[in-house]
Amino acid sequence: MKIKSCLFLLLLFSFTAAFAQNRSITGRVTSSKGNTMPGVTVTQKGSQNSVVTDEEGKYSIIVPSTENLLLVFSSVGSKTQEIALGTKKVIDVVLTEGVSTLGEVVVVGYGSQSRKNLSSSISTVRPDDFNRGAITDVRQLMQGKVAGLNITASGNPNAPAAVVLRGASTLNSSQSPLYVIDGIPGADISAIAPDDITSIDVLKDAAATAIYGNRAANGVIMVTTKKGRRGQFSIGYSGYVGHEKVANRLEMMDADELRSLLTKNGQAFAPADDKGANTDWQKEVERSFAISHNHNLSISGGTEHGNYSASINYAEKEGIMRFSDLKRLIARLSIEQSALKDKIRFGMMVTNSNSNANNVPLLNTVLTQMIRYLPVSPVRNADGTYFENFATVNSYNPVAMIEQAQDNTKSNSLIGSFTTHVKLPFDLTYDLNASYQNYTNLHGEYYNSYYSKYSAIRNFGTNGLALRNAYQNTNKILESYLTWNKKYGIHSINAVLGYSWQGNVIGEGFQTTSTNFPTDNIGYNNLSLSNPYAIAPFRVDFGADGIYQETRLISDFLRLNYNLSDKYLLQLSVRRDGSSVFGANNQWGYFPSAGLAWRIIQEGFMNHQKFFTDLKLRASYGVTGNSTGFNAYTAQIMSGSLGTFYNNGTQMAAYGPIQADNPNLEWEKTATANIGLDFTILNGKISGTLEAYNKNTTGMIYGYTVNPVLIPTGRITANGGSMNNRGIELSLNASPVRTSKFNWNTSLNLAHNRNEITGLTNQLFAGGDSVRITGPNGQGQTGSTIQILKSGKPVGQFFTLEYAGKTADGISQYYDPSRKLTTTPRIGVDYGYLGSPQPKLLLGWTNTFQYGNFDLNVFLRGCLGNKIFNATRADLFRPSTAQYSNILKDAANEPINDVNVYKYSTRFIEDGSYVRLDNATLAYSFKKLGDNIRMLKVYTTVNNFFVITKYKGIDPEISQGGLAPGYDNNNFYPRTRTILLGLNVSF
């Protein structure tokens, strides 16, 4: 009994000590010039307890009542300061200028760390660094801002940007990084409004990403949203309206030019086509201008023991192509409340994004027809009907196509999370995070009765064709982890031990099609009025097989950070992942990492030098995995339809195995070695990071040919491929000029990556290597391909004919493998490895100039050394068929007898390098507007002001994602140039 009483008293004493009285520290942060400094991070050193100053530079933070505490004040562009609290309750701080970022707090997996104590590679982008303009895709906020992060986008408001970090690491997935929003892994990035973001941290090397194990091979991007501030009530509004016009069009022949060419070549238009018109079909399917506008209203505040933040965002962006647009409404609520003397903190976050996207029906066909359709043909006949000439193969009026069809997608993305943070005795904290994500997609297409004329494209039924589908994805996550922070003199330890459970349901829903409607006004909204059964050959399309999938992921993880005297830093982590998508024998994988850092600036021999303000050398190695890009049941045997067969005179459906099982299918693994140097020189005027990395993917999942005697399907999915990426990155920040009236800050990032497929074969199975891919569908190009998957070559390697000029008769000729000339090249046989779409250098350069209340931000972005296969140009290089299809102006001098002129070859591989003035913003900030208006800023921005390039297509920014990067094939949605006016105000 006495023993139990002693234990009870000991436990009571521990909790009494743990729940000791806290106190509130308030103050104001200003610059050395006396200006208020909003957005300064105020952190209790050695903890995750932090707040951010408001628009007046004020802050309020709750800390334990002990006196031996330090507050760390950090802000981009200023030197970090540490202030001892003692017994003070009010601390006002003056931050001096500098560009060192080593004092920043960055978000990492399951916690945060001071940048100066990082042993891994992490880049941070804050709102002041975001790209400005009519941007609705969060990905584009980072475009060109992070060394090694390759982001490409078109002008389509409904198409997400392609994101590749440090080169493609797999042939299976989209190669996109894992997004973690407020600690929720795999969250939908489109559910967050740009105005709600506090910071974006890009985790590059394996030491930073391995804590996320099997989903981190392509990198991790941490997004932190805004929270309320204790004691600070604020209302904010930001908005803009933008005017967009087409930045560039292809230079196609007009009616007079094309008629003159035909006359010179002894040809003429068919009377059915030549109606005396001079139609610019690109202009006919594009808007003369498009309008975009965005509005964000937010409310935030807090008390001594809690805070709240709520916002609502509405964005509307017209596409430059007629009938395309995006309307999106995002609402977000974040609440935190502390209890039991701030020893327990509860948090709740809910965000919901609702989008309504109108797409261009049959977009790729419309994009092709708008450049190929003859300019001598009118949009409409004299009687108001659409002009068509179906005697010309593959020729369709693009205006009719977009006006006589509908293509709409309504989507809703809901993210909800509940968090609990508990301070325990013995310097322990406990976190429990539960989240739920639901993404729904309602899609409808309707091709009215006019489309029955377009049966050559596909079967559009009779009296209209409707397609309707509805699918949803759900994601449930439960994560629980303990954190231990302990300091013993010169030794500091931070340890995290946790467990994660995740269940996903993908593609839950259905699809159906129908035809034979009584009127075209119904569209896709009332399929019950259709009568498809009266159309004998019509078959309802229920969608593809294998859409519905269920996956489960269970993980344990551990991370240890050790700090000796703020001089020597060690990080170790390991994650054990189990995933249902792999074979029964290999469902579990281990993903370890290690990082070392040496803060050279802390050494005694650096005390008497004045060149370096901070200097740190770090190195890391780790392994991450990939479990995306293939079906949840890839490792299992599956049966399905195998056509039909006759049995006793009756045709019957046949079913059998369509996919072989592979119980040995295992994780793709990516091992990354990274070395980095972080430095600040000249008393904080210049800071930067130099990185080098070597990234190897092994066990790449791929499809192989198998003897049908052994496996009836003749194919199996197995591990076998490998890939390497290695490169170097440089990031520089400087403030060359700082005076009382004028400031100039500049930042530059450069990145070089070399990608190589190092293997595609499996010793047990045949095939895999030298797989020709990417077959454009140009007329007369049947069987032609332009890219190849080949060991020793990069992803997207161009593999095609090598152009060798023209013969004396004006016929295009090519080299065969023996370097002999031929005018009858053989598809696949006379091909060569002739150029790579992988860029040799990515660059981003930002300059900010401040004079009084004015500030000017100019951002240049570039991509150098890459090639683009301009298949669009090849298909428009056909003078011999100009009476049926329009051609480019600069194809006018091509001999009409050159039957090879359009063949895919190096003639159409172009330099894709470019430098773009991406955005320039001029702003004016009003100050001293009274007690009620804290901040008012008006600005104007120009996007895509100019681009310097030799590329002859519409725009050189061709997608770098997927297996076919750098491929322009009549599918580029025109890019726009935007001028906008904006306003930011807070009360």
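Residues numbered from 1 in each chain as written. Predicted model: local features only at pLDDT ≥ 70, side-chain atom pairs only at ≥ 80, totals over all residues. Heavy atoms only, no water.

A. Expanded view of the overall build of the protein chain. What the protein chain contains, in helices and strands, is 8 helices and 50 strands. In terms of overall dimensions, the protein chain is globule-like: its C-alpha atoms have a radius of gyration of 31 Å, near the 30 Å expected for 987 residues. Seen through its C-alpha atoms, the protein chain measures out along the principal axes to roughly 100 × 75 × 65 Å. Burial statistics for the protein chain: of 987 residues in total, 54% are counted as buried. Considering only contacts within the protein chain whose residues lie at least 6 apart along the sequence, 70% involve residues at least 24 apart. About 41,700 Å² of surface is accessible on the protein chain, with carbon and sulfur atoms providing 57% of the total. (Helix = DSSP H or I, 4+ residues; strand = E, 2+ residues; numbered from the N terminus. Rg over C-alpha atoms; globule rule 2.2 N^0.38 Å. Buried < 20%, exposed > 50% of the residue type's maximum accessible area, 1.4 Å probe, protein only. Contact = heavy atoms within 4.5 Å. Areas by Shrake-Rupley, 256 points an atom, 1.4 Å probe, with all protein chains shown as cover.)

B. Broad picture of the packing of aromatic side chains. Counted according to the given criterion, the structure contains 32 aromatic pairs. With 5.5 Å between their ring centres and 85° between their planes, Y446 and F517 make a pair best called edge-to-face. Residue Y446 is found in strand β23 (residues 428-447), and its partner F517 is found in the loop between β25 (491-515) and β26 (549-564); the two are separated by 71 residues along the sequence. Each member of the pair, Y446 as well as F517, carries the same accessibility label: buried. The interplanar angle of 80° and the centroid separation of 5.5 Å between the aromatic rings of F591 and W667 together place this pair among those described as edge-to-face. (Phe/Tyr/Trp six-rings, centres within 6.5 Å; stacked < 30°, edge-to-face > 60°.)

C. Fine view of the nonpolar core. In this structure, L258, M321, Y451, Y454 and F869 are the most contacted members of the largest nonpolar core, which totals 65 residues. Residue assignment for this core shows that the elements contributing at least two residues are α4 (255-264), α5 (281-285), α6 (363-372), α7 (398-403), β45 (867-870) and α8 (871-875). Apart from residues no more than four positions distant in its own chain, M321 is found in contact with V285, E286, R287, V360, V366, L367, M370, Y973 and P974. V125, M142, L149 and I197 belong to the second largest nonpolar core, which has 28 residues in total. (Core = buried A, V, L, I, M, F, W, Y, C linked by side-chain atoms within 4.5 Å.)

D. Quick look at the pattern of salt bridges. Tallying each qualifying case throughout the model produces 37 salt bridges. Between D196 and R332 there is a salt bridge, with the nearest N and O atoms lying 3.5 Å from each other. With D196 in the loop between β14 (184-185) and β15 (197-203) and R332 in strand β20 (residues 325-339), this residue pair connects regions lying 136 residues apart in the sequence. R332 carries the same exposure label as D196, and that label is buried. Here R975 ties to D955 by a salt bridge, and the two come within 3.5 Å at their closest N and O atoms. With R975 in the loop between β49 (967-968) and β50 (976-986) and D955 in the loop between β48 (935-949) and β49, this residue pair connects regions lying 20 residues apart in the sequence. Residue D955 is classed as buried on the basis of its relative accessible area, which comes to 5%. (Salt bridge = Lys/Arg side-chain N within 4 Å of Asp/Glu carboxyl O.)

E. Region of the structure containing a nonpolar patch on the surface. A grouping of F233, I299, Y308, L333, I335, F346, M348, V350 and F418 is seen on the molecular surface, where their side chains present a nonpolar patch of about 710 Å² in accessible area. Those elements that place two or more of their residues in the nonpolar patch are β20 and β21 (344-358). Top contributing element to the nonpolar patch by residue count: β21, with 3 residues. Tracing the backbone through its elements, the reader meets L333 in strand β20. (Patch = residues over 30% accessible without salt bridge, like charges linked within 9 Å, V, L, I, M, F, W, Y side chains within 5 Å.)

F. How the structure looks around α4. Buried within α4 are the following residues: A255, L258, L261 and L262. Down the axis of α4, the smallest arc covering the buried residues is 135°, so these residues share one side. Those residues of α4 that are exposed and angled more than 90 degrees off the buried face are D256, T263 and K264. For α4, the capping residue at the N-terminal end is D254, with a side-chain oxygen 3.2 Å from the backbone nitrogen of D256. One or two positions beyond α4, positive phi appears at G266, with a value near 70°. (Arc of directions from axis to C-beta. Polar contact = N/O pair within 3.5 Å; in protein donor to acceptor, adjacent residues only side chain to side chain.)

G. Examining the confidence of the model for the protein chain more closely. Looking at the protein chain, pLDDT values average 90 and 96% of them are 70 or higher. A low-confidence stretch, residues 1-20 (pLDDT under 50), is modelled with 8 contacts involving residues beyond four sequence positions or located in other chains. (pLDDT = per-residue confidence, 0-100.)

H. Representation of the sheet that holds strand β16 (residues 220-225) within the structure. One open sheet holds the 5 strands; their spatial order is β10-β15-β16-β13-β14, and the pairing between them is mixed. Both edges of this open sheet fall to β10 (122-125) and β14, since each of them pairs with a single strand only. The pairing of β15 with β16 spans 6 bridges and is antiparallel. By the bridge assignment, V202 is partnered in β16 with I221. (Pairing = 2+ DSSP bridges.)

I. Representation of the pairing of strand β40 (residues 812-815) in the model. Across 3 bridges, strand β39 (residues 802-806) lies against β40 in antiparallel orientation. Bridge pairing links K806 to S812 in β40. Here β40 pairs with strand β41 (residues 821-822) via 2 bridges, running antiparallel. Counterpart to Y814 in the pairing with β41 is T822. Connecting β40 to the antiparallel partner β41 that follows it, the hairpin turn spans 5 residues, and R819 within it adopts a positive phi of roughly 70°.

J. Quick look at the pairing of strand β43 (residues 841-851). Where strand β35 (residues 742-759) lies against β43, 10 bridges are found, and the strand directions are antiparallel. In the sheet register, W744 faces β43, and the bridge partner there is F849. Between the antiparallel neighbours β43 and strand β44 (residues 854-864) lie 2 residues, among them G852 with a positive phi of about 60°.

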